[in-house]
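Chain and residue survey
The lines below spell out each chain.
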Amino acid sequence: MEYKEQFKPKPPPLTPRLIIHGGAGNILPSNLPPEKYKAYHDSLLTILATSHRFLTSPSSFPLGTSRSVSALDAVTFAVSLLENNPLFNSGRGAVFTRDGVQEMEASVMVSKGKKKRGVGVIGLQHVKNPIKLAREMLVRGEEDTEFGSKKGAQGAQGHSQLWRSTAEKLAEQWGLELVKKDYFFTQARWDEHIRGLENEKNGGIATWDAEEFVSQGTCGAVALDSEGVLAVATSTGGMTNKLTGRIGDTPTLGAGFWAEEWEEETPLEEELGLRQPGPSFVLSNTLKGLMADCFPSLTIYQPIPLEEKTLRRNERTFRSTAMSGTGNGDSFLRTNAARTASAIARYRGSKSSQKTSLQTAVTEIAGRGGELEKSAGDRFRKTGEGAGGIIGIELTVVQDVYGERKSARSHIVDDFNCGGLFRAAVDKKGKAVMRLWKPNQHPGLEKYEGEGKEYDLDDWIDESL
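Right, let's walk through the structure included here. All values reported here derive from a predicted model rather than from experimental measurement.

Cut-offs and rules
- Residues numbered from 1 in each chain as written.
- Predicted model: local features only at pLDDT ≥ 70, side-chain atom pairs only at ≥ 80, totals over all residues.
- Heavy atoms only, no water.
- 1 Å grid on protein atoms, 1.4 Å probe; cavity = no way out; pocket = protein on both sides within 12 Å on 5 of 7 lines; lining within 4 Å.
- Points joined across faces, edges and corners; volume = space filled by probe spheres on them.
- Helix = DSSP H or I, 4+ residues; strand = E, 2+ residues; numbered from the N terminus.
- Pairing = 2+ DSSP bridges.
- Axes fitted to C-alpha atoms, helices over the stretch in contact; angles between N-to-C directions.
- Contact = heavy atoms within 4.5 Å.
- Salt bridge = Lys/Arg side-chain N within 4 Å of Asp/Glu carboxyl O.
- Buried < 20%, exposed > 50% of the residue type's maximum accessible area, 1.4 Å probe, protein only.

This next bit is on the layout of surface pockets. In this approach, a probe sized like a water molecule rolls over the atoms, and the result shows the empty space that is left. There is about 310 Å³ of room inside the second largest pocket. Considering the residues around the second largest pocket, the lining is formed by 14 residues, among which K36, Y40, A188, R189 and E192 are closest to the centre. When contributions to the lining of the second largest pocket are tallied by element, the ones reaching two or more residues are α1 (34-56) and α6 (187-201).

Quick look at the structure:
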């Protein structure tokens, strides 16, 4: 009898995911009136919806077969829109140093597919969109890591961080848009700078205020593309009234951002459930599947109890994470916050079937009583130290004996320990949702129309962007 190998169709592509943030800090109903809240609300939803459409559009690469653009391009696009909006502390809305100048930082990182994995740029003053320079440095690193400073290299060699003069020289060489310093000036940030210095003269702190929202955060985006790659992009002007020349967590790998992929040594009970008879979720063409967590509710997902505790022979499980942090950058540096959260998810229970979810790990770092807060000691809520939040995405994929994806599940995560965290994402119903606070976090939130409301994505797309 002649043996004929059965045709095994490839699994459909993954459904892309996207979450963005616009900073965290001492953001209270007492210092953010509803009319100003609406400006953030509308801007975040517009950027989310427009970026999500970009993410889910066909790849623009001439020879590409992907049904969507790459996660790297999507987060770069989203953060560039945040940089162009003066509401957010990056690009056009960057804060001032003590000396009255602006120095910007940005970073990108992918879970797989690029040799450098992640890069950061520091102290920029002329690059219109710092996040675009970070992307170029990562993408051109494919040649840099091969050729170094020899012919064929793109200029950044194998470096993962570059400071102002060299970075901006490369930006000009690579054709990125450069602007004069006054492009980044906004009166609101200048006034914030002056008030901080005056507050210091009166015995207060120039970088933080117990009553006012003084920006010390960032903006960022995390995305999952149809090929199973996670990417993160983060951009900032730093802390209000920081010392000129200060380097924060945003361009520092592992502190303010992180992305990685690894193979599990033992199966996740949760993932074993994905290969039981019957569909556990639907891949692609629907947003019902893959969205195990309903953003923005803080939901801790638990493993599905099963009798079977091991994968079938030659089946493999891969997990990946990507995170963007915002808040007091010095605290993120001291705790290596983003990488620490990923390490908790990766290594705690690594040799057992009970794994730690990324949501649990993020809460242990950025939630109330977490490592960020602990790092500040008794200075928490007195100096701005320890305050912050993290957004992210976790992906788990099971491959069959042929190396094909058999099942996949993704989760959007977030947590914060301060007054508020501006964030927006697409929920499991395919709706756009923006939140600043946790439900019932502060009294009087009912007057903030749109907080946690579900919207149709199409209603917020801005064609001009």
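What follows is about the sheet that holds strand β9 (residues 388-399). Pairing between the strands of a sheet comes from backbone hydrogen bonds, and it takes one of two forms, parallel or antiparallel. Read across the sheet, 4 strands follow the order β7-β8-β9-β10 without closing on themselves; strand pairing throughout is antiparallel. This sheet does not close on itself; its edge strands, each paired only once, are β7 (257-263) and β10 (405-416). Mean inter-strand twist for the sheet, computed between neighbouring axes without regard to direction, equals 10 degrees. Note: β7 against strand β8 (residues 316-327), 7 bridges, orientation antiparallel. Within β8, the residue paired with E260 across the bridge is T321. Set on the sheet, helix α9 (residues 337-347) makes contact with β7 and β8; between it and β7 the angle comes to about 20 degrees. Strands β8, β9 and β10 of the sheet are contacted by helix α10 (residues 358-366), whose axis makes an angle of about 20 degrees with β10.

What follows deals with the pattern of salt bridges. All told, the structure shown has 30 salt bridges when counted by the stated rule. Between E364 and R348 there is a salt bridge, with the nearest N and O atoms lying 2.7 Å from each other. Highlighted residues: E364 in helix α10 and R348 in the loop between α9 and α10, separated in sequence by 16 residues. In this structure E364 comes out as partly exposed when scored by relative accessible area, which is 29%.

Our focus in this paragraph is unusual backbone geometry. You will see that R117, though not glycine, has its phi angle at about 70 degrees, which is positive. Tracing the chain through its elements places R117 in the loop between β2 (104-110) and β3 (118-124). According to the relative accessible area criterion, R117 is partly exposed, its value standing at 25%. Of note, the phi angle at N440 is positive, near 60 degrees, even though the residue is not glycine. When you line up the elements, N440 lands in the loop between β12 (431-435) and β13 (454-456). Given the relative accessible area of 74%, N440 is considered exposed.

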